[in-house]
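Overview (structure and organization)
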Amino acid sequence: MSGYFARHLQALLFAAGRLARAPVATALTVLVIAIALTLPSSFALLISSVRSVSSDFANAVDVTVYFKRDTAIEKVQQLASSARGRSGVGSVKVIPADKALEQFRKDSGFGAALEALTDNPLPHAMDVRPTAGATSPADLESLKRYLSAWPEVELVQVDSEWVLRLNAILDLMRRIVLGSAGLLGVGVVAVIGNTIRLEIYSRRAEIEITKLVGGSNAFVRRPFLYTGVFYGGLGAALAAVLVWSGGHLLDAPVARLARSYGSDFALASPTWGQVGLLLAIGAGLGLIGAFLSASRHLARIEPRP
Amino acid sequence: MIRFDRVAKRYPNGREALAALSFEIPAGEMVFLTGRSGAGKSTVLRLISLLERPTRGQVLVNGQDTGRLPPRLIPAFRRQIGMVFQDHKLLTERSIYDNVALPLIVAHTSLREVDKRVRAALDQVGLLDRLRALPLELSVGEQQRVGIARAVVSKPPLLVADEPTGNLDPQLSCEVMNLFRRFRDVGVTVVVATHDMQLVREAGLREIVLADGKLQDIHVADVPTLEVRR
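Positions within a chain are numbered from 1, following the residues in the order the chain's sequence is written. In the order they appear in the text, chains get letters beginning with A and ligands get numbers beginning with 1. Given that this is a predicted model, residues contribute local features only at a pLDDT of at least 70 and side-chain atom pairs are listed and counted only at 80 or more, while totals for whole chains, interfaces and linings are drawn from all residues. As a rule here, side-chain values come from all non-hydrogen atoms in the structure, and water together with hydrogens is ignored.

**A few points about the side chain of Arg78 of chain B**
For clarity, the cut-off: In DSSP terms, a helix is any run of H or I states spanning at least four residues, a strand is any run of E spanning at least two, and both are numbered starting from the N terminus. Whenever a nitrogen or oxygen atom comes within 3.5 Å of another N or O atom, the pair is scored as a polar contact, on the condition that within protein one atom can donate a hydrogen and the other can accept it, and that pairs from neighbouring residues in sequence are kept only if both atoms are in side chains.
For Arg78 of chain B, the location among the structural elements is in helix α2 (residues 74-78). Within the local environment of Arg78 of chain B, its side chain forms a polar contact with the backbone oxygen of Leu50 of chain B, the two atoms lying 3.1 Å apart.

**As for the sheet that holds strand β5 (residues 64-65) of chain B**
All names here are of chain B. Put simply, the rule reads: In this analysis, strands are considered paired if DSSP registers two or more bridges between them. We call two residues in contact whenever any of their non-hydrogen atoms come within 4.5 Å of each other. Axis definition: a line fitted to C-alpha atoms, over the contacting stretch in the case of helices. Angles run 0 to 180 degrees between N-to-C directions.
One open sheet accounts for four strands, arranged β2-β1-β4-β5; its pairing is antiparallel. Only two strands of the sheet have a single neighbouring strand rather than two, namely β2 (16-25) and β5. Sheet strands in contact with helix α1 (residues 41-48) are β1 (2-10), β2 and β4 (56-61), and its direction is about 115° off that of β1.

**Focus: the confidence of the model for chain A**
The predicted coordinates should not be examined in detail at positions where pLDDT is low. Applied cut-off: Values of pLDDT, the confidence the predictor places in each residue, fall between 0 and 100.
Residues with a pLDDT of 70 or more make up 95% of chain A, whose mean pLDDT is 85. Averaged over each element, pLDDT in chain A is lowest for helix α5 (residues 111-115) of chain A (72) and highest for helix α10 (residues 272-298) of chain A (94).

**Details of the packing of aromatic side chains**
Heads up, the condition is: Between the rings of Phe, Tyr and Trp (Trp by its six-membered ring), a pair exists once the centres lie within 6.5 Å; its type follows the angle of the planes, with under 30 degrees stacked, over 60 edge-to-face, and the other angles tilted. Note on exposure labels: buried denotes an accessible area under 20% of the residue type's maximum, exposed denotes more than 50%, and partly exposed covers the range between, all computed with a 1.4 Å probe on protein chains only. Geometrically, a lysine NZ or arginine CZ counts as sitting over a ring once it is within 6 Å of the ring centre and also within 35 degrees of the ring normal.
Under the defined criterion, the tally for this structure stands at two aromatic pairs over all chains. An angle of 15° between the planes, with centres 4.7 Å apart, marks the rings of Phe4 of chain B and Phe23 of chain B as stacked. With Phe4 of chain B in strand β1 and Phe23 of chain B in strand β2, this pair connects stretches of sequence that are 19 residues apart. Using a relative accessible area of 3% as the deciding quantity, one classes Phe23 of chain B as buried. Of note, Arg86 of chain A hangs over the ring of Tyr146 of chain A, and the distance from its end group to the ring centre comes to 4.8 Å. Lying across the ring of Tyr97 of chain B, Arg132 of chain B places its NZ or CZ 5.0 Å from the centre.

**Overview of the pattern of salt bridges**
Put simply, the rule is: Salt bridges are counted wherever a side-chain nitrogen of Lys or Arg sits within 4 Å of a carboxyl oxygen of Asp or Glu.
Inspection of every chain in the model, using the stated rule, returns 21 salt bridges over all chains. Notably, a salt bridge pairs Asp5 of chain B with Arg6 of chain B, separated by 3.4 Å at the nearest N-O pair. Relative accessible area serves as the criterion here: at 55%, Arg6 of chain B is assigned to the exposed category. One connected set of salt bridges, linked through shared partners, spans Glu199, Arg203 and Glu206 of chain A together with Arg94 of chain B.

**Quick notes on the environment of Leu45 of chain B**
Tracing the backbone through its elements, the reader meets Leu45 of chain B in helix α1. Judged by its relative accessible area of 5%, Leu45 of chain B falls in the buried class.

**Quick word on the packing of helix α8 (residues 204-212) of chain A against helix α9 (residues 217-260) of chain A**
Residue and element names in this part refer to chain A. Note the cut-off: Each crossing gets its handedness from the near helix: less than a right angle anticlockwise from the far helix is left-handed, clockwise is right-handed. Gly is put with the polar residues, along with every residue not named as nonpolar or charged; the nonpolar set is Ala, Val, Leu, Ile, Met, Phe, Trp, Tyr, Cys and Pro, and the charged set is Asp, Glu, Lys and Arg.
The contact between α8 and α9 brings their axes to 9 Å, and the two run at 145°. The chirality of how α8 crosses α9 is right-handed. Here α8 contributes Ile207, Thr210 and Lys211 to the contact with α9, which in turn contributes Asn217, Phe219, Val220 and Phe224. Counted by class, the contact of α8 with α9 contains four nonpolar, two polar and one charged residues.

**Overview of helix α3 (residues 73-85) of chain A**
We apply this condition: Each residue after the first adds 1.5 Å to the expected span of a helix.
The terminal C-alpha atoms of α3 of chain A lie 19 Å apart, and with 13 residues this matches the ideal 18 Å at 1.5 Å per residue to within 8%. Packing partners of the buried residues in α3 of chain A comprise β1 (63-67), β2 (89-95), β3 (125-130) and α6 (137-148) of chain A.

**Here's the deal with the domain arrangement of chain A**
Note: interface size is frequently given as the accessible area lost on complex formation between the parts. We apply this condition: Note: domain ranges come from an automatic or database domain assignment.
When its domains are assigned, chain A resolves into domain 1 (2-57 + 164-298) and domain 2 (62-134). Between the C-alpha centres of domain 1 of chain A and domain 2 of chain A there is a distance of 54 Å.

**Some details on the sheet that holds strand β7 (residues 158-162) of chain B**
Residue and element names in this part refer to chain B. Read across the sheet, six strands follow the order β6-β7-β8-β3-β9-β10 without closing on themselves; strand pairing throughout is mixed. Both edges of this open sheet fall to β6 (81-84) and β10 (214-219), since each of them pairs with a single strand only. Ignoring which end each strand starts from, the neighbouring axes of this sheet average 20° apart. In this structure, strand β3 (residues 30-34) lies alongside strand β9 (residues 206-211), joined through four bridges in parallel fashion. Bridging from a neighbouring strand, Phe32 pairs with Glu207 of β9. Helix α5 (residues 140-152) rests against β6 and β7 of the sheet, and its axis sits at about 170° to β6. Of the strands in this sheet, β3, β6, β7 and β8 (189-193) touch helix α6 (residues 170-185), which is tilted by about 135° from β3.

**What about α6 of chain B?**
Here α6 of chain B is 16 residues long and its end C-alpha atoms lie 22 Å apart, about the 22 Å a rise of 1.5 Å per residue gives. Remark: Gly187 of chain B follows α6 of chain B within two positions and exhibits a positive phi of approximately 105°.

**Quick word on the pairing of β8 of chain B**
Residues and elements named next belong to chain B. In terms of burial, β8 is largely enclosed, as five of its five residues are buried. A two-sided burial pattern is seen for β8, the buried positions comprising Thr189, Val191 and Ala193 on one face and Val190 and Val192 on the other. Of the pairings in the sheet, the one linking β3 to β8 comprises four bridges and is parallel in character. Looking at the pairing, Met30 lines up with Val190 of β8.

**So, the nonpolar core**
All names here are of chain B. Where we set the bar: Here, nonpolar core means buried Ala, Val, Leu, Ile, Met, Phe, Trp, Tyr and Cys residues that are tied together by side-chain atoms lying within 4.5 Å of each other.
Counting residues in hydrophobic clusters, the biggest one holds 46 residues, and the most contacted among them are Val100, Val118, Leu122, Leu159 and Phe180. Among the elements of the structure, β3, α3 (96-106), α4 (111-124), α5, β7, α6, β8 and α7 (197-203) are those that each provide at least two residues to this core. At eight residues, the largest contribution of residues to this core is made by α3. In this view, Leu122 contacts Ile96, Val100, Leu127, Leu128, Leu131 and Ala149; residues no more than four positions away in its chain are not counted.

**Brief notes about the environment of Val32 of chain A**
Residue and element names in this part refer to chain A. Structurally, Val32 is set in helix α2 (residues 23-54). Overall, the relative accessible area of 45% leaves Val32 in the partly exposed class. As for Val32 and Ile192, which are separated by 160 residues in sequence, their C-alpha atoms are 9.8 Å apart.

**Describing a nonpolar patch on the surface**
Residue and element names in this part refer to chain A. Counted only if it meets this: Residues form patches when they are more than 30% accessible in relative terms and have no salt bridge. Like charges link within 9 Å. Nonpolar side chains (Val, Leu, Ile, Met, Phe, Trp, Tyr) link within 5 Å. For accessible areas, the Shrake-Rupley method is used with a probe of radius 1.4 Å. Any residue's cover is judged against the shown protein chains and nothing else.
Together, Val24, Leu28, Leu31, Ile35, Leu39, Leu238, Val241 and Leu242 give the surface a local cluster of nonpolar side chains, amounting to about 680 Å² of exposed area. Sorting the residues of the nonpolar patch by element identifies α2 and α9 as the ones contributing at least two each. Here the nonpolar patch gets five residues from one element, more than from any other, and that element is α2. With respect to the helices, strands and loops of the structure, Leu39 is situated in helix α2.

Below, the structure is given as structure tokens:
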């Protein structure tokens, strides 16, 4: 058993030594791998940041009803109380046009410009919040139809539709990122496979001699597998550093932008678990690339005395 | 130890290197394989060390039929054979110690055992004080002795040498032959392919002479009982 570990340790140290002796070539290969891994990882991280914000909207099931401009406030109050009587409706809050304008003046920062208005452009509105048991898309749709049927109603806006749309867009982006990550992963395997191939042929004489004295294919292959794992692992580590520092650089501007919209949105930093996953993926891709390349090319090198 | 039974070898380019060659080398004997260039000496050694398989006939080495050995067992088969080459085939970037250790490393020997055996093998060829040197820092004769140390470090029952004295002056050649004879004396079967006829005559051992891929003659100098068994 100790012999087994010693053999692997030997192959590992040998592979590390080869990489360290050619620092520039190693750095270039690692850089290519790191860039290929950085792109999908940073996009995935961005999407998960946005998703965590949109999940705050998960209880955004309110339905906003805008009335026609000429509707009297008394009529609105009357319709509000009939809405309260409908099953599935939790609460109804009437927002008169003048209150809405006041709120808008305060929040938007357009106060001075709004002073210039001679009359209120905003309609009366009301917020209808469904009871907790009546928030399925079908329930909301039926509520929307019920409210739209009133002749005084101009527009019924279901807030959750925006959340659904955002989620659909995020889903689409996630798939695009997954697809490109798959392609870039194949690219990483190809880059590592090719690097290993070159190394195998540059060490042809050594491989022949090793086979001549009875080295098995597995023995000859082992250091190359470690080389592949090193390339992939180092590339993934560099990618993690790039993602982290990129997030750090963008953090302050993004926070400023988000604050100006009254949001506390922030870019997520990669967690240790995600970094570990990235390292595992990098090392795994390296192993696959090295294995494919070594199995293919080592079998062709047979000793010729 | 080695038996060739009507062995023919034709290379992919159509050259017929051996034609119906039969001979036997008993265990523990030291034999020369001679003949002109192109007579088939190298092919015989390649067939013994399973670098080639016979086209027809049977090659038995240490009881194993090389024509039928599956590829995955070839590494283990080669570990029973120590090979010495005219051009040494040393790893030029590795130390003498690492070169000699290679057959043990590939055979998964424990590191303590490796150290013991490498030192013993280098001691036998008189190079124990050079184990940190690189091959190209040694003279040609020393490099050949490193090659021999590597061939015997795993104590194989069979030692095969292809023109081991090709690049050496007569005195160094004589030293190398004496080394081989010492291994023969401890029970190792030794096959030496050479065209150095003076060396063969001086050694006074059995000689298998090849010509055009066939057995031309078997000479015995001072050895009274030559048996071409069966």
